[in-house]
Amino acid sequence: MSKKINLPKIIHDPNKMNLETVRQKNKKKKIVFIPTMGALHEGHLSLIKKGKKIKGLTIVSIFVNPIQFNDINDLKKYPNTLKKDIENLRQLKVDYLFLPNVEKIFPNNFETTVSINNLQKFLCGKNRPGHFNGVSTIVLKLFNIISPNVAIFGKKDFQQLTIVKKMVEDLNMNIKILEGSIIRESNGLAMSSRNKLLSPKNFHKASNIYKGLKYIKDEYKKGEKSSKKLIKKLEKYYIQSEIRNIDYIEIFDPLTLHSIKYVKKGAIIAIAVKIGAVRLIDNLKF
Ligand code: PAF
């Protein structure tokens, strides 16, 4: 009789996780890794489903990385839905959940951080000093612990995806980075763990974020190519929709993240706004 195994296998200890992945790799298993901070939503689940199609061993990590939060209140408020997350992972037949605690990942004598030179100077990096160094450091640590063949990141955080891809290239890491599409709520709002923190009124208001981006893409299709004019139009649209706390609206080249004067096919428009106390980001490709 075959033994019923309860998946995912939950591993807390980084060394155990490492030994397990080495063991599996020796058996020629392909390791597919999806890093998360938990509070899983359809966006994460779509990344996992994409990973499952690769037919390897799927590993998901849940770790709320303190060194990528530059606002302590944001860290404190970060939603935790662990029980439900584990149930979702079980249903998707994820093989391992890596669930380390902070002390194991960042002991008191922790010294080393990855430092991103230029790509962190734009977009979210401007108002979140140290954020992308924090992201890169944890991603590198997780990659070293898990040594995946493939890792999957969502396109909603476009800057994060770009920085991770660049780090992998710069540091000669033999890991294929796959991208997952932005998954949206039925009102168009990009899925985010932070959406849980929006009041119903603000959730409704936040639907204008994506509506605004689509409106700008339409204006571009109708012939407006000036980034400055398109950005002005979007600002106006947001203000009319009572979205007043705009962190940035940028139109930029997808590889360098440098803003461009005139929009061309493939360029990205990205925004970050605050609705109530909740910071939300989104983007759209022209
Ligand atoms: O996108 C996230 O959830 C996080 O930034 C990540 C990649 C898991 C690193 O903490």
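Let us look at the structure shown here. (Residues numbered from 1 in each chain as written. Predicted model: local features only at pLDDT ≥ 70, side-chain atom pairs only at ≥ 80, totals over all residues. Heavy atoms only, no water.)

**As for empty space enclosed by the protein**
Where empty space is left can be seen by rolling a probe of water-molecule size over the atoms. Within the structure shown, the criterion is met by two cavities of 30 Å³ or more. As for the largest cavity, its lining consists of 38 residues, of which His44, Tyr78, Lys156, Asp157 and Gln160 are closest to the centre. Counting residues per element, the lining of the largest cavity draws most heavily on helix α7 (residues 131–146), at six residues. Estimates place the volume of the second largest cavity at around 60 Å³. (1 Å grid on protein atoms, 1.4 Å probe; cavity = no way out; pocket = protein on both sides within 12 Å on 5 of 7 lines; lining within 4 Å. Points joined across faces, edges and corners; volume = space filled by probe spheres on them. Helix = DSSP H or I, 4+ residues; strand = E, 2+ residues; numbered from the N terminus.)

**A word on the side chain of Asn283**
Checked against the element boundaries, Asn283 lands in strand β9 (residues 278–285). Assessed through its relative accessible area of 7%, Asn283 is described here as buried. One polar contact links the side chain of Asn283 to the main-chain carbonyl oxygen of Lys155, over a distance of 3.0 Å. A polar contact of 2.9 Å, which involves the side chain of Asn283, links it to the backbone oxygen of Lys156. Setting aside residues no more than four positions away along its own chain, Asn283 makes contact with Lys155, Lys156, Phe158, Ile182, Arg184, Leu213, Ile268, Ile269 and Ala270. (Buried < 20%, exposed > 50% of the residue type's maximum accessible area, 1.4 Å probe, protein only. Polar contact = N/O pair within 3.5 Å; in protein donor to acceptor, adjacent residues only side chain to side chain. Contact = heavy atoms within 4.5 Å.)

**A closer look at the site of the ligand**
Around the ligand, a shell composed of Pro35, Thr36, Met37, Asn65, Gln68, Ile138, Phe153 and Gln160 is seen. Gln68 places a polar side-chain atom, nitrogen or oxygen, 2.6 Å from an oxygen atom of the ligand. Between an oxygen atom of the ligand and a side-chain N or O atom of Gln160, the distance comes to 2.7 Å. Summarising the interface, the protein chains cover 86% of the accessible area of the ligand, which totals 290 Å² for the free molecule. (Near = heavy atom within 4 Å. Areas by Shrake-Rupley, 256 points an atom, 1.4 Å probe, with all protein chains shown as cover.)

**A short note on the packing of aromatic side chains**
Counted by the stated rule, this structure contains nine aromatic pairs. Site record: aromatic cluster; members linked through ring pairs are Phe33, Phe143 and Phe153. Here the basic side chain of Lys225 rests over the ring of Tyr220, its NZ or CZ set 4.6 Å away from the ring centre. (Phe/Tyr/Trp six-rings, centres within 6.5 Å; stacked < 30°, edge-to-face > 60°. Lys NZ or Arg CZ within 6 Å of the ring centre and 35° of its normal.)

**Points about helix α10 (residues 207–221)**
With 15 residues, α10 should reach 21 Å at 1.5 Å per residue; the first-to-last C-alpha distance of 22 Å fits that figure. Those residues of α10 not exposed but buried are Ser207, Asn208, Ile209, Tyr210, Gly212, Leu213, Ile216, Glu219 and Tyr220. Remark: Gly223 follows α10 within two positions and exhibits a positive phi of approximately 130°. (Expected span 1.5 Å × (residues − 1).)

**Things to note about α7**
In this model α7 runs 22 Å from its N-terminal to its C-terminal C-alpha over 16 residues, within 8% of the 22 Å that 1.5 Å per residue would give. Taking burial as the measure, the 16 residues of α7 include 14 buried ones, the bulk of the element.

**A look at the packing of helix α1 (residues 14–26) against α7**
The interhelical angle for the contact between α1 and α7, taken along N-to-C directions, is 50°, at an axis separation of 7 Å. Between α1 and α7, the angle falls in the class oblique. Mapping the contact onto sequence places Pro14, Met17, Asn18 and Thr21 in α1 and Asn144, Ile145 and Ile146 in α7. (Axes fitted to C-alpha atoms, helices over the stretch in contact; angles between N-to-C directions. Parallel < 35°, antiparallel > 145°, perpendicular 65-115°, else oblique.)

**Some details on the pairing of strand β6 (residues 176–180)**
Walk down a regular strand and you will see the side chains alternate between the two sheet faces. Where strand β5 (residues 150–154) lies against β6, five bridges are found, and the strand directions are parallel. Across the sheet, residue Ile152 finds its bridge partner in β6, namely Leu178. (Pairing = 2+ DSSP bridges.)

**Concerning the side chain of Ser227**
Relative to the helices and strands, Ser227 resides in helix α11 (residues 227–240). Here Ser227 falls in the buried class, since its relative accessible area comes to 4%. One polar contact links the side chain of Ser227 to the main-chain carbonyl oxygen of Ile260, over a distance of 2.6 Å. Setting aside its immediate chain neighbours within four residues, Ser227 contacts Ile251, Ile260, Lys261, Tyr262 and Val263.

**Regarding the layout of surface pockets**
The calculated volume of the largest pocket comes to roughly 400 Å³. Surrounding the largest pocket, 18 residues form its lining, Lys155, Phe158, Glu179, Pro254 and Ile268 being those nearest its centre. Where the lining of the largest pocket is concerned, the elements lending two or more residues are α8 (158–170) and β9. In terms of residues, the lining of the largest pocket owes the most to one element, α8, which gives five residues. For the second largest pocket, the calculated volume is near 300 Å³.

**Re the environment of Met37**
The residue Met37 is located in the loop between β2 (31–36) and α2 (42–52) in this model. As a C-alpha pair, Met37 and Ser193 span 156 residues in sequence and 8.8 Å in three-dimensional space. With residues near it in sequence (within four places) discarded, Met37 still touches Ile62, Phe63, Val64, Asn65, Gln68, Phe69 and Tyr78.

**Observations concerning the sheet that holds strand β4 (residues 96–98)**
The strand order across the open sheet formed by six strands is β1-β4-β3-β2-β5-β6, and the pairing between neighbours is parallel. Two strands in the sheet have a free side with no partner beyond their single neighbour: β1 (9–11) and β6. Across the sheet, the mean angle separating the axes of adjacent strands is 25° when strand polarity is ignored. Of the pairings in the sheet, the one linking β1 to β4 comprises three bridges and is parallel in character. Residue pairing across strands places Ile11 opposite Phe98, the latter belonging to β4. Sheet contacts for α7: β2, β3 (57–62), β4, β5 and β6; angle to β2, the most-contacted strand, approximately 150°. Sitting on the sheet, α8 touches β5 and β6, and the angle it makes with β6 is about 170°.

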